[in-house]
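Each chain, written out:
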Amino acid sequence: MTKTSSQPISSTATETPGSRRWLVWTATLAPLALLIAFVMVNTLSGEPHQQGASVVPDFELATSAGGVVDREAALGQGDALFYFSMGVGCDGCFAQIPEIAAGLEARNIRLVPVMTNPPSAVAAEALRWGVEIPILIDSDLSLSRAMGMVGVYGHGNSPSHSFALARADGTVEWIRHYAEMFVPADAFFSELDAA
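These figures come from a predicted structure and were not determined experimentally.

### Quick notes on the overall build of the chain
When you go through the chain residue by residue, the secondary structure sums to six helices and nine strands. For the chain, the proportion of its 195 residues judged to be buried stands at 36%. Partitioning the intrachain contacts of the chain with sequence separation of at least 6 by distance along the chain shows that 63% fall at a separation of at least 24. Roughly 11100 Å² of accessible area belongs to the chain as shown, and the carbon and sulfur atoms make up 58% of that amount.

In structure tokens form, the structure reads like this:
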């Protein structure tokens, strides 16, 4: 008669060194894969031409130059490109203004930059970059939120680097969000002109 053991067979007795390595690699790489997937979804889920406001809402905002601009003044001369950016702390955001200003002027489009930082801080950075165009100060994010410019590319409490082309009647014809904080003029105008 054969003697049988009453002890259960351990699962580790059947593991091979190769299967243990596979488990270690899986445990190591799975969190990394999830992190990469999360970043990609957050970056790519926003279509570059995301939907936003279809009409520029009424607004009245102070500017970095000390004046006040409202909807009528912004659109009173015709088409306007609203440029929403992170502002102070983002050199590319300020460099973007002179990069596209002349090209917009040649297209009879008024550039309307919008930032959310305190006016004195925006004015100091504008001076440093030689930006003479008054920058609208949207400190409470009311215009930025109404235009759908907050929460893009992970920027939950500020605009990222976004544009909205509005016709003289206030209709928003084109919206573009960029993950980059600076877009060369040739790349920018190839998209704008195709809109």
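Moving on from the coordinates now.
### A short note on the environment of A164
Along the chain, A164 falls in strand β8 (residues 161-166). In this structure, the C-alpha to C-alpha distance between A164 and L81, residues 83 residues apart in sequence, is 5.7 Å. Not counting the four nearest positions on each side in its chain, A164 is found in contact with A80, L81, F82, M147, M149, V172, W174 and I175.

### Quick notes on the nonpolar core
One finds L81 and F188 to be the most contacted residues of the largest nonpolar core, which totals 25 residues. Where this core is concerned, the elements lending two or more residues are β3 (80-85), α3 (91-106), β4 (110-115), α4 (119-129), β8 and α6 (185-194). For this core, the leading source of residues is α3, giving five residues. Aside from chain neighbours lying at most four places away, what touches L81 is I100, L104, I109, R110, L111, V112, F163, A164, L165, W174 and F188. In this structure, V56, L75, A80 and A166 belong to the second largest nonpolar core, which totals 20 residues.

The rules behind these values
- Residues numbered from 1 in each chain as written.
- Predicted model: local features only at pLDDT ≥ 70, side-chain atom pairs only at ≥ 80, totals over all residues.
- Heavy atoms only, no water.
- Helix = DSSP H or I, 4+ residues; strand = E, 2+ residues; numbered from the N terminus.
- Buried < 20%, exposed > 50% of the residue type's maximum accessible area, 1.4 Å probe, protein only.
- Contact = heavy atoms within 4.5 Å.
- Areas by Shrake-Rupley, 256 points an atom, 1.4 Å probe, with all protein chains shown as cover.
- Core = buried A, V, L, I, M, F, W, Y, C linked by side-chain atoms within 4.5 Å.

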